[in-house]
Amino acid sequence: MSIQQFNGEWISQEDRVLFRFNTSTGEEFSFWLTRMMLKGLIQGTQHVAVKALEKTHEPQVAQAVQSFQQQAVAQQANFNDAYKPAPQKPLGEAPLLVIGLVIHQQDDGQTAIELQLITKNSVNLKLPPHVLQIMMTLLNKLQEKAGWGVGFDDASSPALPLPSTAHQVH
């Protein structure tokens, strides 16, 4: 299963982001992301990306490279294609609230994200860097529209004091 499309919108009445994606196997997953969960996703994925780059770069260089890569993806991202809902919805029609996250970098260079749901289930994503950057660009645009102020860190800001291999938010 690979992700085909991402889709999201800020729902002002809920003050939440509705985040959806569809897969190559014809499945669609829908989630509610609160401000705290969106902040955790953005900061956590930035952190693990920088930590991965620190294996071959000095910390400040790794931060700058990560920021540059994310900016390049943001400039090239095209969010104008119409989202195509998938026929199968394994978790049901209604979006599920994400109440926790676990994010870590895998040895193969992919980022693993566990979305812990209000139903006590979880959804595990394994995303290559480019797909992750597109997803984070979309989520950053949504938080900007919401006016949440939880988006990408500036390259000059201090590093987050997080564990070196994983980032968890509850």
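Conventions we followed
Residues numbered from 1 in each chain as written. Predicted model: local features only at pLDDT ≥ 70, side-chain atom pairs only at ≥ 80, totals over all residues. Heavy atoms only, no water. Helix = DSSP H or I, 4+ residues; strand = E, 2+ residues; numbered from the N terminus. Buried < 20%, exposed > 50% of the residue type's maximum accessible area, 1.4 Å probe, protein only. Contact = heavy atoms within 4.5 Å. Areas by Shrake-Rupley, 256 points an atom, 1.4 Å probe, with all protein chains shown as cover. Phe/Tyr/Trp six-rings, centres within 6.5 Å; stacked < 30°, edge-to-face > 60°. Salt bridge = Lys/Arg side-chain N within 4 Å of Asp/Glu carboxyl O. Axes fitted to C-alpha atoms, helices over the stretch in contact; angles between N-to-C directions. Parallel < 35°, antiparallel > 145°, perpendicular 65-115°, else oblique. Left-handed = near helix turned anticlockwise from the far one by under 90°. Pairing = 2+ DSSP bridges.

(A) Spotlight on the overall build of the chain. What the chain contains, in helices and strands, is three helices and seven strands. When the helices and strands of the chain are placed in sequence order, the string is β-β-β-α-α-β-β-β-α-β. Within the chain, the fraction of its 170 residues that count as buried is 45%. Intrachain contacts of the chain at a sequence separation of at least 6 include 55% that bridge at least 24 residues. By element, 51% of the accessible surface of the chain is carried by carbon and sulfur atoms, the whole surface being about 9,100 Å².

(B) Broad picture of the packing of aromatic side chains. One pass over the full model with this rule turns up four aromatic pairs. Ring geometry for Phe-6 against Phe-19: centres 5.9 Å apart, planes inclined by 20°, an arrangement best described as stacked. With Phe-6 in strand 1 (residues 3–11) and Phe-19 in strand 2 (residues 16–23), the pair connects residues that are 13 residues apart, well separated along the chain. Here Phe-6 matches Phe-19 in class, with each residue buried. Taken together, the aromatic side chains of Phe-6, Phe-19, Phe-21, Phe-29 and Phe-31 make up a single cluster linked through ring pairs.

(C) Summary view of the pattern of salt bridges. Under the criterion given, the structure shown has four salt bridges. A salt bridge links Arg-35 to Asp-15, with the shortest nitrogen-to-oxygen separation between them at 3.0 Å. Of the two residues, Arg-35 is situated in helix 1 (residues 35–53) and Asp-15 in the loop between strand 1 and strand 2; the sequence distance between them amounts to 20 residues. The partner of Arg-20 in a salt bridge is Glu-28, with the nearest N and O atoms 3.9 Å apart. Residue Arg-20 shares its accessibility class with Glu-28, and that shared class is buried. A network of salt bridges, in which partner residues are shared, links Arg-20, Glu-28 and Lys-89.

(D) Molecular detail of the packing of helix 2 (residues 59–76) against helix 3 (residues 129–146). The contact between helix 2 and helix 3 brings their axes to 9 Å, and the two run at 70°. The angle between helix 2 and helix 3 places the two elements in the roughly perpendicular class. Crossing geometry of helix 2 relative to helix 3 is assigned as right-handed. Of the residues in helix 3, those in contact with Gln-69, Gln-70, Val-73 and Ala-74 of helix 2 are His-130, Gln-133, Ile-134, Met-136 and Thr-137.

(E) Inspection of the pairing of strand 3 (residues 28–33) at higher detail. Here strand 3 lies mainly inside the structure; six of its six residues are buried. In this structure, strand 2 lies alongside strand 3, joined through six bridges in antiparallel fashion. For Phe-21, the partnering residue across the bridge sits in strand 3 and is Phe-29. The loop that links strand 2 with its antiparallel partner strand 3 comprises four residues; one of these, Gly-26, has a positive phi angle of about 80°. Both strand 3 and strand 4 (residues 96–105) contribute to a ladder of two bridges, which runs parallel. In the strand pairing of strand 4, Trp-32 is matched with Leu-97.

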